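Geometric and topological summary
Spelled out from the first residue to the last, the chains are:
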Amino acid sequence: MSKNLAAMSIGEAFPLLRDKEISPVELTKAVLENVDRYDDEINAYIQVEKESALKSAATAEKDILQGNYRGRLHGIPMALKDILYFKDEKVTVGSKIHQDYIPDHDATVVKKLKEEGVIFTGKLNMHEYAWGATTTNPHFGACHNPWDLSKIPGGSSGGSGAAVAADMTIASLGTDTGGSIRIPASSCGIVGLKPTHGRISKHGCFPLAWSLDHIGPMTKTVYDAALLLETLSGYDPQDPTSVDTPVKNYTELLSEDLSGKVIGINEDYFFKNVDKPVEEAVRSALIQLEKLGAKIELVKIPTLAASEFAELVTIVSEASAVHHANLLKRPEDFGDDVRFLLEFGELIPAVDYLQAQQVRLQLSNDFAHAFKHVDALISPTLPFLPPAIGDNSVDINGNKESFLDQVIRFTGPGNLTGLPALSLPCGISNGLPVGLQIMGPAFKEENVLNIAYAIEKLNLIQGQKPDLTGVVSH
């Protein structure tokens, strides 16, 4: 094979595995070689499971050779965010307090991937307890953006974003409470999908904020995201937020035909105070979509003005409830940034939390009204390019703005409403990828995926990938 095996997507790799043109062992070795080569510098992995991965790959190879091919994920190497439970294996949640925690059950998503024959290469770095968006982790070290090692990869699923971008995993899963799949997807130039709340079971995932948490795919292509959504979706009685609704064959529904599609744009909120190169890349993509036959319509979503208040109050209150006992008993074992947010959450009055839930209800109604007229909404994923590691401010058109204030401005509404939202690259500026966000109606992931598929076919980043030629760990 002339192609770098580790650089392949699931969609490229599975036919070769199925037809016995490559073996799961070859593919897994190629991925692990990249981990050896790059991860001292990138620090995307908390734990590499080389031995067990190669053993699983050998089993998968044997199964496939004997005609027991399980499907498109059989023999695909994947590393997952270290927040998802593996039975009898350590899960750290990126923390000191849980650094030796061993669950007695698999997360539902892990169980499903195991049944499909996925090979697990390890656990990926993340912001401590998923409570932040930089993946500058005080316990396991900062994760670096493969496009520019001085920059953050986003978070909290930063290890997943970096590992996919650097071909240190074929695909990954992240979690998203305020944007934690989409922020690293945007920062690392990959596809990140937050499905509708209740679509994918959260059983066996350590919570950040119960009512806002989601699990979703982080991949090299839209097809791969659709495939993982197809595989992982479905009702799970073990997750009280799981919704019993039919799962579609998303990969079969993928189409780049946008004729008759109506795309909504909200200028007042989603295009306000956006760094110029980011705005230009997203608007340029919109022009391309119009050329493909899509119609662009302006939409009003009045409650967006209160959404930042509602997201912040909800996430800090619920996160502090999760960690209340440990905050009282061992506050010094949290990183400074996480402890600050947890202490802040303890101060939120019940009145504010309840008002925030009223805002959520109204926001959901506003979006539902907008989706009567449009198939999806498009915006930037982030209003800025990834800042330097350790920088608490971001540059927006020459102005220094607070990172915390700006980072979930465009992603948070998707968590408050539980609506499906996807980020994919739409341009490169200053050597860094720019993410475009697509939001759709509840349980209509196919709307989001199809528009993403059409954008991907435009090849707006001309196939560019991080240049890792100078990055050698060993």
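Everything below is about the structure printed above this text.
Residues numbered from 1 in each chain as written. Predicted model: local features only at pLDDT ≥ 70, side-chain atom pairs only at ≥ 80, totals over all residues. Heavy atoms only, no water.

1. Re the pairing of strand β14 (residues 421-429)
For β14, a buried count of eight out of nine residues is recorded, marking the element as mostly surrounded by other parts of the structure. Of the strand pairs in this sheet, strand β7 (residues 191-194) and β14 are connected by three bridges, and their pairing is antiparallel. Residue pairing for β14: Lys-194 is matched across the bridge by Ala-421. Here eight bridges tie β14 to strand β15 (residues 432-439), and the two strands are oriented antiparallel to one another. The residue bridging Pro-425 from the neighbouring strand is Gly-435, located in β15. Joining the antiparallel neighbours β14 and β15 is a turn of two residues, in which Asn-430 adopts a positive phi near 50°. (Buried < 20%, exposed > 50% of the residue type's maximum accessible area, 1.4 Å probe, protein only. Helix = DSSP H or I, 4+ residues; strand = E, 2+ residues; numbered from the N terminus. Pairing = 2+ DSSP bridges.)

2. Things to note about helix α4 (residues 108-116)
Taken together, the buried positions of α4 are Thr-108, Val-109, Val-110 and Leu-113. As for α4, its buried residues are in contact with β2 (77-81), β3 (119-124), β6 (172-176), β8 (214-219) and α7 (222-232). Directly after α4, the chain includes Gly-117, whose backbone phi takes a positive value near 90°. (Contact = heavy atoms within 4.5 Å.)

3. Topic: the packing of aromatic side chains
Counting across every chain of the model gives nine aromatic pairs. Ring pairs connect the aromatic residues Tyr-129, Phe-206 and Phe-334, which therefore count as one cluster. For Lys-123, the ring lying beneath its charged end belongs to Phe-86, and the centroid distance is 4.8 Å. (Phe/Tyr/Trp six-rings, centres within 6.5 Å; stacked < 30°, edge-to-face > 60°. Lys NZ or Arg CZ within 6 Å of the ring centre and 35° of its normal.)

4. Concerning the pairing of β15
The buried fraction of β15 amounts to eight of the eight residues, a majority that puts the element mostly inside the structure. Note that strand β11 (residues 376-380) and β15 share four bridges and pair antiparallel. Directly across from Leu-377, in β15, lies its bridge partner Met-439.

5. Let's talk about the sheet that holds β2
What holds strands together in a sheet is hydrogen bonding between their backbones, with the strands either parallel or antiparallel. Pairing is mixed across the open sheet formed by three strands, whose spatial order is β1-β3-β2. Each having just a single partner strand, β1 (45-48) and β2 make up the two edges of the open sheet. For this sheet the average axis-to-axis angle between neighbouring strands, irrespective of direction, equals 35°. Note: β1 against β3, three bridges, orientation antiparallel. Within β3, the residue paired with Val-48 across the bridge is Gly-122. With respect to the sheet, helix α3 (residues 50-65) is in contact with β1 and β3, its orientation differing from that of β3 by roughly 155°. (Axes fitted to C-alpha atoms, helices over the stretch in contact; angles between N-to-C directions.)

6. Some details on the side chain of Lys-194
Note on placement: Lys-194 falls in strand β7. Put simply, Lys-194 is tucked away with no salt bridge, and the nearest opposite charge, on Asp-176, sits 6.1 Å away. At a separation of 3.1 Å, a polar atom in the side chain of Lys-194 contacts the main-chain carbonyl oxygen of Gly-414. Looking at Lys-194, its side chain comes within polar contact range of the main-chain oxygen of Leu-419, at 2.5 Å. What Lys-194 contacts, discounting residues up to four positions off in sequence, is Asp-176, Arg-182, His-214, Gly-414, Asn-415, Gly-418, Leu-419, Pro-420 and Ala-421. (Lys, Arg positive; Asp, Glu negative; His and termini not counted. Salt bridge = Lys/Arg side-chain N within 4 Å of Asp/Glu carboxyl O. Polar contact = N/O pair within 3.5 Å; in protein donor to acceptor, adjacent residues only side chain to side chain.)

7. Some thoughts on α3
If you check α3, its first and last C-alpha atoms are 22 Å apart, about what 16 residues at 1.5 Å a residue would give, namely 22 Å. Here α3 has its buried residues at Ala-53, Ala-57, Ala-60, Asp-63 and Ile-64. Buried residues of α3 fall within an arc of 120° about the axis and therefore sit on the same side. Turned more than 90 degrees off the buried face of α3, the exposed positions are Glu-51, Lys-55, Lys-62 and Leu-65. Buried residues along α3 sit in contact with α1 (10-18), α2 (24-42) and β3. Phi turns positive, to about 85°, at Gly-67, one or two residues after α3. (Expected span 1.5 Å × (residues − 1). Arc of directions from axis to C-beta.)

8. As for the nonpolar core
Membership of the largest hydrophobic core comes to 120 residues, with the highest contact counts inside it found for Leu-84, Leu-113, Phe-367, Ile-378, Ile-438 and Leu-449. Leaving out residues up to four positions away in the same chain, Leu-113 has contacts with Leu-73, Met-78, Leu-80, Val-118, Phe-120, Leu-173, Leu-228 and Leu-232. Counting 14 residues, the second largest nonpolar core, distinct from the first, contains Tyr-45, Ala-162, Met-168 and Val-471. (Core = buried A, V, L, I, M, F, W, Y, C linked by side-chain atoms within 4.5 Å.)

9. Concerning the environment of Ser-9
Note that Ser-9 resides in the segment before α1. Distance from Ser-9 to Asp-244, taken between C-alpha atoms, is 30 Å for residues 235 residues apart in sequence.

10. So, the sheet that holds β15
In spatial order, the strands read β6-β8-β7-β14-β15-β11-β9-β10; together these eight strands make up an open sheet with mixed pairing. Two strands close off the open sheet at either side, each with one partner strand: β6 and β10 (295-298). Taking each pair of neighbouring strands and ignoring which way they run, the sheet shows an average axis angle of 30°. Across the sheet, helix α10 (residues 276-291) touches β9 (262-265), β10, β11, β14 and β15, and the angle it forms with β11 is around 150°.

11. Brief notes about the packing of α7 against helix α16 (residues 445-457)
Each packed pair of helices is defined by two parameters, the angle between the axes and the distance between the axes. In contact at an axis separation of 9 Å, α7 and α16 are set at 160° when each is read in the N-to-C sense. Between α7 and α16, the angle falls in the class roughly antiparallel. The two elements α7 and α16 meet at a crossing, and its hand is left-handed. Of α16, the residues touching α7 (which contributes Val-222, Ala-225, Ala-226 and Leu-229) are Glu-445, Leu-449, Ala-452, Tyr-453 and Glu-456. Here the contact of α7 with α16 is composed, by residue class, of seven nonpolar, no polar and two charged. (Parallel < 35°, antiparallel > 145°, perpendicular 65-115°, else oblique. Left-handed = near helix turned anticlockwise from the far one by under 90°. Nonpolar A, V, L, I, M, F, W, Y, C, P; charged D, E, K, R; others polar.)

12. Things to note about the pattern of salt bridges
In the structure shown here, the tally under the stated rule is 22 salt bridges. In this structure, Glu-89 engages Lys-123 in a salt bridge whose closest nitrogen and oxygen atoms are separated by 3.1 Å. In this pair, Glu-89 is assigned in the loop between β2 and α4 and Lys-123 in strand β3, connecting sequence segments 34 residues apart. We classify Glu-89 as partly exposed; its relative accessible area is 27%. Linking Arg-330 and Asp-333 is a salt bridge whose minimum nitrogen-to-oxygen distance equals 2.8 Å. With relative accessibility at 29%, the residue Arg-330 sits in the partly exposed group.

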